[in-house]
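Okay, here's what each chain looks like letter by letter:
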Amino acid sequence: MATRELDSTPSLATLYPKALLGGVLHKSSGSSLPDTELVRTGVVVDPAHLAAYNTVCGFRLSDELPATYPHMLAFPLQMALMTEPGFPFPLLGMVHVANRITQRRALRLGEPLTIRVRAENLRPHEKGRQFDVVSEAQVGDETVWTDVSTYLRRGGSSGSSARREQLAPPTPDAIWRVPADIGRRYAEVSGDRNPIHLHPLTARLFGFPRAIAHGMWTKAHALAAFEGRLPEAFTIDVRFKQPVLLPAKAGFTSWADGDGWAFELWSGSKPHLEGSISSL
């Protein structure tokens, strides 16, 4: 795999217009993923940005990074990789279906990080094709954090379809009251200004009746519910189901599962998120 080190963090203000234009002009066949890893060294967390992230996601203010926070550092590299001319799919229209984060030890403010991003494992899905974007954070030569985001490109079903059991929503432990502006507030700290998250009008242009919450916000808000109960090293794995239409009232349920926890988020009969946390 070829490694390309970046001198600066990619500009999301530049990449989003590129992604929108790519959705119109993209002509790649989608036969293979690029054999490229993007690398950014010397990345240091801004305390004010961390505080803003913790506030919008529901974490306590601390100099310890939530396990979901390094995704903020990797996201510009992910965007840069997925908007390159040789990438097999246009970014516009891809669906984030799952995310798995493994934290091997806690990260803290002041630690200089090396961020690495690559795409791999292109494979069939019953609704099209899926692949993983793998992001890593290193301190020195130690990989301390790994994020695997799975994306689906719909169309040309190439995987087998299994009949799924229809589940009933569990009795919630807590009710989330998600405000209409959470997409805009999370976009401010994440840089993820996908139009589907910002306003009802822009969301309708892409087939949604209202703006929808970011999947990584729902994951972070779920993780915040476990603060004070987590080991230093763990994996949090989620599957994104139906989108959370804003504003929303959703029921969050969690329970002990072996040496960890399982959790779900529902609105009425609609499942939004299911996940697990397991110790390493």
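Numbering of residues starts from 1 in every chain and runs along the sequence as written. Local features in a predicted model are, by the rule used here, given only for residues with pLDDT of at least 70; side-chain atom pairs are given and counted only at 80 or more, and totals for whole chains, interfaces and linings are based on all residues. Note that the side-chain values use all heavy atoms of the structure and ignore hydrogens as well as water.

1. Examining the nonpolar core
Piece 1. In these notes, a set of buried Ala, Val, Leu, Ile, Met, Phe, Trp, Tyr and Cys residues joined through side-chain atoms within 4.5 Å is what counts as a nonpolar core. Residue exposure (1.4 Å probe, protein chains only): buried if accessible area is under 20% of the type maximum, exposed if over 50%, otherwise partly exposed. Counting 72 residues, the largest nonpolar core has Tyr53, Ile115, Phe131, Tyr186 and Phe263 as the members making the most contacts within it.
Piece 2. Where helices and strands are cited, they refer to DSSP runs of H or I of at least four residues and of E of at least two residues respectively, numbered from the N terminus. Per-element accounting of this core gives the leading share, nine residues, to helix 3 (residues 70-82).
Piece 3. Excluding anything up to four places from it in sequence, tyrosine 53 contacts Phe59, Pro66, Thr68, Tyr69, Met72, Tyr186, Val189 and Ala220. Here, two residues are considered to be in contact whenever any of their heavy atoms come within 4.5 Å of each other.

2. Let's talk about helix 4 (residues 182-190)
Because an α-helix packs 3.6 residues into every turn, residues spaced three or four apart end up facing the same way.
Piece 1. Where helix 4 is concerned, the buried positions are Ile182, Gly183, Tyr186, Ala187, Val189 and Ser190.
Piece 2. Directly beyond the C-terminal end of helix 4, a positive phi value near 80° is found at glycine 191.

3. Topic: the packing of helix 2 (residues 47-57) against helix 6 (residues 215-224)
Piece 1. The interhelical angle for the contact between helix 2 and helix 6, taken along N-to-C directions, is 85°, at an axis separation of 9 Å. Judged by the angle between their axes, helix 2 and helix 6 are roughly perpendicular. Within the contact between the two elements, helix 2 uses Tyr53, Val56 and Cys57 and helix 6 uses Trp217, Ala220, His221 and Ala224.
Piece 2. The residue inventory of the contact of helix 2 with helix 6, partitioned by class, reads six nonpolar, one polar and no charged. Axis geometry follows a simple rule: fit a line to the C-alpha atoms, using only the stretch in contact for helices, then measure angles between N-to-C directions, giving values from 0 to 180 degrees. By definition in this entry, angles of less than 35 degrees are roughly parallel, angles greater than 145 are roughly antiparallel, angles of 65 to 115 are roughly perpendicular, and the rest are oblique. Residues are sorted three ways: Asp, Glu, Lys and Arg are charged, Ala, Val, Leu, Ile, Met, Phe, Trp, Tyr, Cys and Pro are nonpolar, and all the rest, Gly among them, are polar.

4. Let's talk about the packing of aromatic side chains
Piece 1. For Phe, Tyr and Trp, rings pair up if their centres lie within 6.5 Å, where Trp contributes its six-membered ring, and each pair is then called stacked (planes under 30 degrees apart), edge-to-face (over 60) or tilted (otherwise). Inspection of the entire model under this criterion finds eleven aromatic pairs.
Piece 2. Ring centres of tryptophan 176 and tryptophan 217 lie 5.9 Å apart, and the angle between their planes is 75°; on these two criteria the pair is classed as edge-to-face. Linking tryptophan 176 in strand 7 (residues 174-178) with tryptophan 217 in helix 6, this pair joins segments that are 41 residues apart in sequence. Taken as a pair, tryptophan 176 and tryptophan 217 share a single burial class, namely buried.
Piece 3. Ring geometry for tryptophan 176 against phenylalanine 252: centres 5.3 Å apart, planes inclined by 20°, an arrangement best described as stacked. Residue tryptophan 176 is located in strand 7, and its partner phenylalanine 252 is located in strand 9 (residues 248-257); the two are separated by 76 residues in the primary sequence.

5. Digging into the UniProt feature "domain: MaoC-like" (unreviewed entry) in the protein
Piece 1. UniProt positions are given in the numbering used here, feature names are shortened, and annotations may be inferred rather than shown by experiment. Per the UniProt record, "domain: MaoC-like" (unreviewed entry) is found at residues 184-258.
Piece 2. Helix and strand shares over residues 184-258 are 29% and 23% respectively, and the end C-alpha atoms of the span are 37 Å apart.

6. Some details on unusual backbone geometry
Piece 1. The omega torsion across leucine 246 and proline 247 is -5°, close enough to zero to call that bond cis.
Piece 2. Inspection of the secondary structure assignment puts proline 247 in the loop between strand 8 (234-240) and strand 9.
Piece 3. Phi at asparagine 121 takes a positive value of approximately 60°, unusual for a residue other than glycine.

7. Observations concerning the pattern of salt bridges
Piece 1. Salt bridges, as used here, are contacts in which a Lys or Arg side-chain nitrogen is within 4 Å of a carboxyl oxygen on Asp or Glu. Counted by the stated rule, this structure contains 14 salt bridges.
Piece 2. The closest approach of N and O atoms between arginine 239 and aspartate 237, which form a salt bridge, is 3.6 Å.
Piece 3. Given a relative accessible area of 28%, arginine 239 falls into the partly exposed group.
Piece 4. When salt bridges that share partners are traced, they join Glu37, Arg116, Arg118, Glu120 and Glu136 into one network.

8. Observations concerning the pairing of strand 5 (residues 128-139)
Side-chain positions along a regular strand alternate between the two faces of the sheet.
Piece 1. Of all twelve residues making up strand 5, eleven are buried, and the element is well covered by its neighbours.
Piece 2. In this scheme, strands are said to pair when DSSP sees at least two bridges between them. Alignment of strand 4 (residues 113-125) against strand 5, held across ten bridges, turns out to be antiparallel. The residue of strand 5 that forms the bridge with isoleucine 115 is alanine 137.
Piece 3. The loop that links strand 4 with its antiparallel partner strand 5 comprises two residues.
Piece 4. Two strands pair when backbone bridges link them, and strand 5 and strand 6 (residues 142-154) are joined in this way by twelve bridges, in the antiparallel orientation. Along strand 6, the bridge assignment pairs glutamine 138 with threonine 143.
Piece 5. Linking strand 5 to strand 6, which pair antiparallel, is a turn of two residues; within it glycine 140 sits at a positive phi near 65°.

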